[in-house]
Amino acid sequence: MEKRTIGTSEIAVAPVMFGGNVFGWTVDEAASFHLLDAWVDRGFDFIDTADVYSRWAAGNSGGESETILGRWFAQSGKRDRVVLATKAGKDMGEGRTGLSAAYLERAVEASLRRLQTDCIDLYQAHADDETVPLEETLTAFDRMVRAGKVRLLGASNYRGARLAEAIGTSNRLGLAAYVTLQPNYNLHAREEYERDLAPVAAQHGLGVIPYFSLAAGFLTGKYRTAEDAKGTQREGMVRKYFDERGGRILEALVTVAEETRAPQASVALAWLLAQPNILAPIASATSAKQLEALFLAAELTLTPEQLARLDVASRY
């Protein structure tokens, strides 16, 4: 497994990122610990979470994923084997939201406490906040870097023009700049990223870490029809993918999976890894079997013909 470097930093990461949204949501603490141990014991190191995970689940208030990760760090002693990414800015309730300097200063301290660490390797704006001047947000992030609380900065859910403006602002003011981008990008969700964000990522050398890399499970083959997802926790997220184009994508994935003798999830992630500027797609797992598909994706190289088949099937 060849690791990849974030920007010009010396931080090297595995080419697949573990999505921590499942911790405290679809997997409990004990199962989370087991999955995390398996992840790092196979040499994988990149883990993504957010302060808001998983506020949407019944009985949760946010911070559950970070808290579980923090307890795992304390119990396992494996913090130094992880490149830790988290995010702030989404609504945590009680007015805790956005990218104002005052709020970010409180948010990073809360994340550090939950994670039981003194430094976050990659701290990301979870969503753009156009109510706050970019100078204010980026100055607050820069202070965190200078204080040693954060090593690198990333952006998620930005439009291309705002992302370029943010990077330009950091460069003009001599502030730490975003070095990663976390967009919604997969075989089905291509157009918005490729038309609007990919040119900015290429121009500024951003490492791209796509979320929804497996389209909420749609690309794994777990759901053959929209009815298969009915009653599941991901029903609302998956249903939109079952259109005519989605059917063509699944057919192509089945064909390539048979040719490579790899799971469809591995193929879908390998396609992403073959795209320009992709640092590491984010994918979650709730079982050892699902983890194996992520491990295999890091080693799977698709042929030009297989990539072309997937490109054509997913063309927009």
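How should the overall build of the protein chain be read in this particular structure?
Along its length, the protein chain carries eleven helices and ten strands. Projected onto the principal axes, the alpha-carbon positions of the protein chain cover approximately 50 × 40 × 35 Å. A total of 316 residues make up the protein chain; the buried ones form 56% of that total. Sequence separation of 24 or more characterises 76% of the internal contacts of the protein chain that already satisfy a separation of 6 or more. Carbon and sulfur atoms provide 48% of the accessible area of the protein chain, an area that totals close to 13,300 Å². Charged side chains of the protein chain number 35 positive and 41 negative; the gap between the two group centres comes to 1 Å.

What's the story with the layout of surface pockets in this structure? I'm lost.
Any empty space left between the atoms is revealed when a probe the size of a water molecule rolls over them. By volume, the second largest pocket amounts to about 250 Å³. In this structure, the second largest pocket is lined by 15 residues; those nearest its centre are R4, L273, A298, L300 and T301. When the residues that make up the lining of the second largest pocket are grouped by side-chain class, the tally is ten nonpolar, one polar and four charged.

Any chance you could explain the pattern of salt bridges here in plain terms?
Where side chains of opposite charge bring their charged atoms close, a pairing between them can arise. As enumerated under the stated definition, the model contains 20 salt bridges in all. With its nearest N and O atoms 3.1 Å apart, the salt bridge here joins R79 to D121. Here R79, found in the loop between α2 (64–76) and β5 (83–88), pairs with D121, found in strand β6 (residues 120–125); they are 42 residues apart in sequence, far enough to count as distant. For the pair R79 and D121, one class covers both residues: buried. By sharing partners, the salt bridges in this structure join D37, D41, K78 and R81 into a single network.

What am I meant to see in the environment of S284 here?
Its place among the elements puts S284 in the loop between β10 (282–283) and α10 (288–297). C-alpha of S284 to C-alpha of A216: the two residues are 68 residues apart in sequence and 9.1 Å apart in space. When near neighbours in sequence (up to four residues on either side) are disregarded, S284 contacts F18, G19, N21, V22, Q290 and L294. Among the polar contacts listed, one links the side chain of S284 to the side chain of N21, at a separation of 2.6 Å.

What's the story with α2 in this structure? I'm lost.
Note on helix geometry: an α-helix contains 3.6 residues per turn, so any two residues three or four positions apart are oriented the same way. Helix length check: α2 (13 residues) gives 18 Å between terminal C-alpha atoms against 18 Å at 1.5 Å per residue, within 8%. Within the sequence span of α2, burial applies to E64, S65, E66, I68, L69, G70, W72 and F73. Contacts from the buried residues of α2 go to α1 (29–41), β4 (46–48), β5 and α3 (101–115). Where α2 terminates, the next one or two residues include G77, which has phi positive at roughly 70°.

Rules behind the numbers
Residues numbered from 1 in each chain as written. Predicted model: local features only at pLDDT ≥ 70, side-chain atom pairs only at ≥ 80, totals over all residues. Heavy atoms only, no water. Helix = DSSP H or I, 4+ residues; strand = E, 2+ residues; numbered from the N terminus. Buried < 20%, exposed > 50% of the residue type's maximum accessible area, 1.4 Å probe, protein only. Contact = heavy atoms within 4.5 Å. Areas by Shrake-Rupley, 256 points an atom, 1.4 Å probe, with all protein chains shown as cover. Lys, Arg positive; Asp, Glu negative; His and termini not counted. Charge placed at Lys NZ, Arg CZ, Asp CG, Glu CD. 1 Å grid on protein atoms, 1.4 Å probe; cavity = no way out; pocket = protein on both sides within 12 Å on 5 of 7 lines; lining within 4 Å. Points joined across faces, edges and corners; volume = space filled by probe spheres on them. Nonpolar A, V, L, I, M, F, W, Y, C, P; charged D, E, K, R; others polar. Salt bridge = Lys/Arg side-chain N within 4 Å of Asp/Glu carboxyl O. Polar contact = N/O pair within 3.5 Å; in protein donor to acceptor, adjacent residues only side chain to side chain. Expected span 1.5 Å × (residues − 1).

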